[in-house]
Amino acid sequence: MYAEEVADMAGRIRDEDIALVRERTSIADIISETVTLRSAGGGNLKGLCPFHDEKSPSFNVSPARNVWYCFGCGAGGDAIKFLMDSDHLSFVEAVERLAARAGIQLRYVESDSSAPRSRPQQGQRQRLVAAHAAAVEFYRSQLTTAPARPAREFLAARGFDRAAAERYACGFAPDAWDQLTKHLRQRGFTADELVTAGLSRPSRSGTLIDRFRRRLMWPIRDITGDVIGFGARKLFDDDDGPKYLNTPETPIYKKSHVLYGIDQAKREIAKQGKVVVVEGYTDVMACHLADVPTAVATCGTAFGADHISVLRRVLFDSDERAGEIIFTFDGDAAGQKAALRAFDDDQRFVGRTFIAVSPDNMDPCELRLAKGDLAVRDLVARREPLVDFALRHVISRFDLDTVDGRVEAMRRAAPLVAKIKDREKRPEYVRKLAGDLGMEIEPVQRAVQAALSTGAGREAPAPATRSAAQPAVDSPQSMVEREALKLALQQPVLAGPMFDAVEAAEYRHPVHVAVREAIAAAGGVAAATGGAVWIESVRDACTDLAGQALVAELAVEPLRIDGEPDPRYVSVTMARLQWGSVTGRIKDLKSRIQRINPVSNKDEYFALFGELLSLEQHARALREQAAGGL
Ligand SMILES: [Zn+2]
């Protein structure tokens with residue numbers, strides 16, 4: 001299909017010009033405007049495929065061979081094909097866009113066909129972008145005129161000087177019916193083009209008039225920096241239009257995809273692995289100027305799935321480097337609703353979504369004005385995981401001083417916990433929710449389980465516990481746990497207090513935990529005298545069938561030591577056993593510390609840090625103990 005299209009269209013642009021465009025185009029430059037690329041070795045590059053949904057990169061680019069190919073979905077081609085696919089351009093449009101970049105003047109050959117049917121459609125995108133570029137210059141030049149004073153005052157009152165206005169190419173739409181339209185018509189744009197671009201519209205009398213009048217204008221750019229539309233702010237009281245007016249849907253402006261500021265923010269978003277989503281043009285400007293260069297805003301629509309797909313490519317959302325989305329809200333009900341809706345939208349992002357609610361209900365622009373750049377940076381630093389935010393929001397609606405209130409709050413909050421896709425995080429949130437509600441963990445756990453089974457979590461159930469299966473003997477941790485239990489069953493007098501001091505919680509394998517608990521229930525090793533009576537009493541105390549079978553097995557299995565075990569062997573075994581669980585706890589603690597906001601939770605932060613230091617000390621001691629003799 002691609003080849004046919006080339007053959008069909010190539011007659012219109014001269015072949016040697018197309019060849020020149022290919023030659024002068026760096027495929028890596030073109031693709032890295034949309035996809036974050038990193039080295040794949042051998043001079044090749046890779047990234048997340050923009051054409052299918054994936055978590056690890058299978059999209060490959062070979063700059064040497066000037067081709068790209070995705071192993072995931074099979075899409076591939078040259079730079080022209082990439083632009084056609086990613087920006088929905090025709091072949092001619094893509095060639096025109098690349099030619100403009102490379103400074104190549106294209107020559108066209110007239111088709112033999114006497115019906116130049118698609119002539120007006122050709123290069124449409126380039127024409128619409130060119131019309132917008134001309135409109136930007138027109139509006140900018142108007143900003144310095146006398147009637148534009150309210151526009152300049154609006155910017156100044158929000159802390160934006162002339163340099164800021166120029167950086168964002170702010171402009172002014174004059175108080176005239178058709179000044180822009182006439183200006184653009186004189187420059188050769190057709191009435192059709194201006195209407196299609198959303199810059200002009202027919203009046204009731206049928207004449208063509210400007211879409212935007214008496215407004216402060218922000219050019220809206222796509223990710224490559226092309227202006228594709230405008231946002232227009234009302235300035236005058238007698239303007240009875242909405243506060244903000246945006247370009248309508250056009251062939252190049254799709255509001256569900258547009259993110260204001262993405263062209264300036266994309267490199268930092270990719271570099272920092274995070275993006276800050278704010279609500280308006282002035283908020284984007286304020287954030288960038290306050291050194292939060294990763295800010296973008298949606299334009300006249302809520303943040304949705306298409307925005308996420310745009311951001312995913314820039315964020316390089318893969319397992320090796322997780323991206324973070326931070327929403328800022330001024331704390332009003334609408335903002336909170338938007339945040340909770342984001343929870344429903346894309347489960348993959350729940351764990352990486354954060355909420356930053358500004359103090360005193362100020363947006364970033366107001367915050368910068370009132371408290372300076374540092375306050376804006378603080379706002380972003382003081383972010384909170386979306387799950388925490390959502391739970392707090394749900395719980396706050398109930399009176400937790402009453403039993404009914406607590407139970408109802410639990411019922412409403414449990415489905416949110418069930419929705420957490422990362423199931424390893426769920427127990428953590430069950431504990432947190434129980435703590436917040438002032439309830440026991442068990443009923444909260446049951447409520448979450450119930451929500452999961454009614455489909456709130458909509459995913460495969462957790463793997464069944466291996467209570468009936470043989471414990472895996474291959475993992476080092478499992479082996480050392482077996483060895484400890486063998487010592488307790490076969491040499492209780494030797495194992496003694498050293499064994500008893502290590503609690504069941506330190507064991508990882510569920511069946512091992514059951515046996516360890518049975519040993520405690522039978523009175524503990526220190527009190528045991530050994531022999532068949534001891535083994536019997538442990539078996540009797542074991543409520544787990546697999547555990548009972550394991551007790552019989554471990555009672556006779558030889559120890560993994562040549563000769564007779566001594567106290568040092570017990571000490572080393574118990575140290576190695578704890579080493580596994582302590583390093584696991586260190587890992588968990590580090591992850592908790594990472595999620596804590598050091599600004600707003602200073603006390604908790606330092607407490608956990610202290611806990612981490614003492615655990616690490618404990619781990620060092622265990623390592624020494626474990627090394628002592630083996
Ligand atoms: Zn793909």
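Parameters and conventions
- Residues numbered from 1 in each chain as written.
- Predicted model: local features only at pLDDT ≥ 70, side-chain atom pairs only at ≥ 80, totals over all residues.
- Heavy atoms only, no water.
- Donors = N, O, S within 2.8 Å, 3.2 Å for Na, K, Ca; no water.
- Tetrahedral: all angles 85-135°; square planar, octahedral: opposite > 155°, others 65-115°.
- Helix = DSSP H or I, 4+ residues; strand = E, 2+ residues; numbered from the N terminus.
- Buried < 20%, exposed > 50% of the residue type's maximum accessible area, 1.4 Å probe, protein only.
- pLDDT = per-residue confidence, 0-100.
- Contact = heavy atoms within 4.5 Å.
- Disulfide = S-S within 2.5 Å.
- Pairing = 2+ DSSP bridges.
- Phe/Tyr/Trp six-rings, centres within 6.5 Å; stacked < 30°, edge-to-face > 60°.

Enquirer: I'd like to hear about the coordination of the zinc ion, residue by residue, with values.
Expert: Looking at the metal site, the zinc ion is ligated by Cys 49 (SG), His 52 (ND1), Cys 70 (SG) and Cys 73 (SG), spaced 2.1 to 2.3 Å from it. Around the zinc ion, the 4 donor atoms sit at angles spanning 103 to 117 degrees, and that spread fits a shape best called tetrahedral. Mapped onto the polypeptide sequence, the residues donating to the zinc ion form the spacing pattern C-x2-H-x17-C-x2-C. Placement of the pair is His 52 in the loop between strand S2 (44-47) and strand S3 (59-62) and Cys 70 in strand S4 (residues 67-70), with a sequence separation of 18 residues. Relative accessible area serves as the criterion here: at 0%, Cys 70 is assigned to the buried category.

Enquirer: Explain the confidence of the model for the protein chain to me, and be specific about the residues and the numbers.
Expert: Here the protein chain averages 83 in pLDDT, while 88% of its residues score no lower than 70. In the model of the protein chain, helix H1 (residues 2-10) stands out as the element of lowest mean pLDDT, 41, in contrast to strand S6 (residues 171-173), which has the highest, 98. Ignoring residues within four places in sequence, the model shows residues 1-11, a span with pLDDT below 50, making 15 contacts including any to other chains. Under a pLDDT of 50 for its full length, residues 113-120 has, in the predicted model, 4 contacts with residues more than four places off or in other chains.

Enquirer: Tell me what's going on with the state of the cysteines, and back it up with residues and numbers.
Expert: Scanning all chains against the criterion turns up 0 disulfides. Here Cys 365 is not disulfide-linked; the sulfur of Cys 287 is the nearest cysteine sulfur, at 9.2 Å.

Enquirer: Pulling in residues and values, what's your account of the sheet that holds strand S16 (residues 353-357)?
Expert: Taking strand neighbours across the sheet as the criterion, the 6 strands line up as S12-S14-S13-S15-S16-S17 in an open arrangement whose pairing is mixed. Of all strands in the sheet, those bounded by a partner on one side alone are strand S12 (259-260) and strand S17 (384-385). The pairing of S16 with S17 spans 2 bridges and is antiparallel. Residue pairing for S17: Ile 355 is matched across the bridge by Glu 384.

Enquirer: I'd love a proper account of the packing of aromatic side chains, names of residues and values included.
Expert: A full pass over the atoms with the stated rule returns 15 aromatic pairs. On the numbers, 5.1 Å between centres and 90 degrees between planes, the contact of Tyr 139 with Phe 230 is edge-to-face. Here Tyr 139 is found in helix H6 (residues 124-142), whereas its partner Phe 230 is found in strand S10 (residues 227-234), with 91 residues between them in sequence. The same class applies to Tyr 139 and to Phe 230, which are both buried.

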